[in-house]
Amino acid sequence: MKRQLASCWLLLGMLLAPWSVSATQTQHITIAAAADLHEAMGKLVEAYRHDHPDAVLDVVFGASGMLLTQIEQGAPFELFFSADSSYPQQLVDHGKAGGKPIPYAVGHLVMWSASIDMRNVQVADLVQARFGRIAIANPQHAPYGKRAEQALRAAGIWEQVQPRLVFGENIAQTAQFAQSGNVQVGLVAESLVLASPSKGSYAPVPASLHEPLRQSFVLTRRGVGNTLAEDFARYVQQAPARAILARYGFSLPDGADH
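Let me begin by describing the structure that accompanies this report. Everything numeric here is computed off the predicted structure, so don't read it as measured data.

1. Describing empty space enclosed by the protein
Enumeration over the complete set of coordinates arrives at one cavity of 30 Å³ or more. Each pocket or cavity is described by its volume, and for the largest cavity that value is around 50 Å³. Lining the largest cavity, in full, are Ala34, Ala35, Asp36, Gly62, Ala63, Ser64, Ala83, Ala142, Pro143, Tyr144 and Ile171.

Structure representation (structure tokens):
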């Protein structure tokens, strides 16, 4: 009887073993990422999974401020990539992070149009009626929207253009407004313009007109001890990942090795 019982346990162990190995080899994380990373993050995940085929990385995109609120309310994200470094710092300050924020890029704001030649256009020129409706991301929770408002104010035209403004929930939706022609001009992330198959025409918004778009990421408290989250965090700081970000117009953060 003991011999039969031992044989049963051995057979059961042999049947369960492949499932146990599979479970340990397959890792999963969910990343909260700023909408300006929509294309770049996809390439980062694709490149990472080339060397880690068993890793499962899901990405949820949105306005950084809204993602911050979701994480603070318990959303299941292991990593938070923000378009504004102040948001990851808030997670740290509120005890919702598993480490210090790490700078990964500097973003750039541009004026983009599918129908108007924007070359040589200055921000102050947007006061002219020929530029029609202008889209910016919601300044309340989108870093690019906040910088767009700062630029319009610095150029002295905020009050004049307000009746013509259209607000996107995040910078990706704002870019869609401009790309589709629903608005004549969008103040959007350069990264999304470079990723667009129909680039249209765009001009940079001078960095002197707004606060820098310093972007950081942070491991959330949920991500502490998750080896996949920690490894991906290391990967995005390395040269291959930085080359992908540079392809989409991002600059290296202050202090990063070139």
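2. Observations concerning unusual backbone geometry
Unlike most non-glycine residues, asparagine 120 shows phi in positive territory, near 70°. Relative to the helices and strands, asparagine 120 resides in the loop between β5 (109–113) and β6 (134–137). Note on asparagine 120: relative accessible area 73%, which makes it exposed.

3. With respect to the sheet that holds strand β9 (residues 201–204)
Strand order in this open sheet of five strands is β7-β6-β8-β5-β9, and the pairing throughout is mixed. At either margin of the open sheet sits one strand with a lone partner, and together these are β7 (165–168) and β9. Here the average twist between neighbouring strands, direction ignored, is 30°. One ladder, built from four bridges, connects β5 with β9; its direction is antiparallel. Across the sheet, the residue bridging to valine 110 is proline 204, located in β9. Across the sheet, helix α7 (residues 171–180) touches β5, β6, β7 and β8 (185–189), and the angle it forms with β8 is around 145°.

4. Things to note about helix α3 (residues 64–72)
Given 3.6 residues to a turn, an α-helix orients residues that are three or four positions apart in the same direction. When we look at burial in α3, the residues that qualify are Ser64, Gly65, Leu67, Leu68 and Ile71. Down the axis, α3 shows its buried residues gathered within 160° of arc, on one side only. In this structure, the buried side of α3 is in contact with β1 (27–34), β2 (55–62), β3 (79–81), α4 (86–93) and α5 (143–154). Looking one or two residues past α3, glycine 74 carries a phi angle of roughly 105°, positive in sign.

5. Thoughts on the pattern of salt bridges
In the structure shown here, the tally under the stated rule is five salt bridges. In this structure, arginine 119 and aspartate 117 form a salt bridge, with 2.8 Å as the shortest nitrogen-oxygen distance. The exposure class assigned to aspartate 117 is partly exposed, which follows from its relative accessible area of 41%.

6. Quick word on the packing of helix α2 (residues 38–51) against helix α10 (residues 239–247)
Viewed as axis vectors pointing N to C, α2 and α10 meet at an angle of 155°, and their least axial separation amounts to 9 Å. Here α10 runs roughly antiparallel to α2, going by the angle between their axes. In terms of crossing hand, the pair formed by α2 and α10 is right-handed. In this structure, α2 contributes Ala40, Lys43, Leu44 and Ala47 to the contact, and α10 contributes Ala241, Ile244 and Leu245. Each residue belonging to the contact of α2 with α10 can be placed in one class, and the counts come to six nonpolar, no polar and one charged.

Thresholds applied
Residues numbered from 1 in each chain as written. Predicted model: local features only at pLDDT ≥ 70, side-chain atom pairs only at ≥ 80, totals over all residues. Heavy atoms only, no water. 1 Å grid on protein atoms, 1.4 Å probe; cavity = no way out; pocket = protein on both sides within 12 Å on 5 of 7 lines; lining within 4 Å. Points joined across faces, edges and corners; volume = space filled by probe spheres on them. Helix = DSSP H or I, 4+ residues; strand = E, 2+ residues; numbered from the N terminus. Buried < 20%, exposed > 50% of the residue type's maximum accessible area, 1.4 Å probe, protein only. Pairing = 2+ DSSP bridges. Axes fitted to C-alpha atoms, helices over the stretch in contact; angles between N-to-C directions. Contact = heavy atoms within 4.5 Å. Arc of directions from axis to C-beta. Salt bridge = Lys/Arg side-chain N within 4 Å of Asp/Glu carboxyl O. Parallel < 35°, antiparallel > 145°, perpendicular 65-115°, else oblique. Left-handed = near helix turned anticlockwise from the far one by under 90°. Nonpolar A, V, L, I, M, F, W, Y, C, P; charged D, E, K, R; others polar.

By themselves, these figures tell us nothing about what the structure is for.
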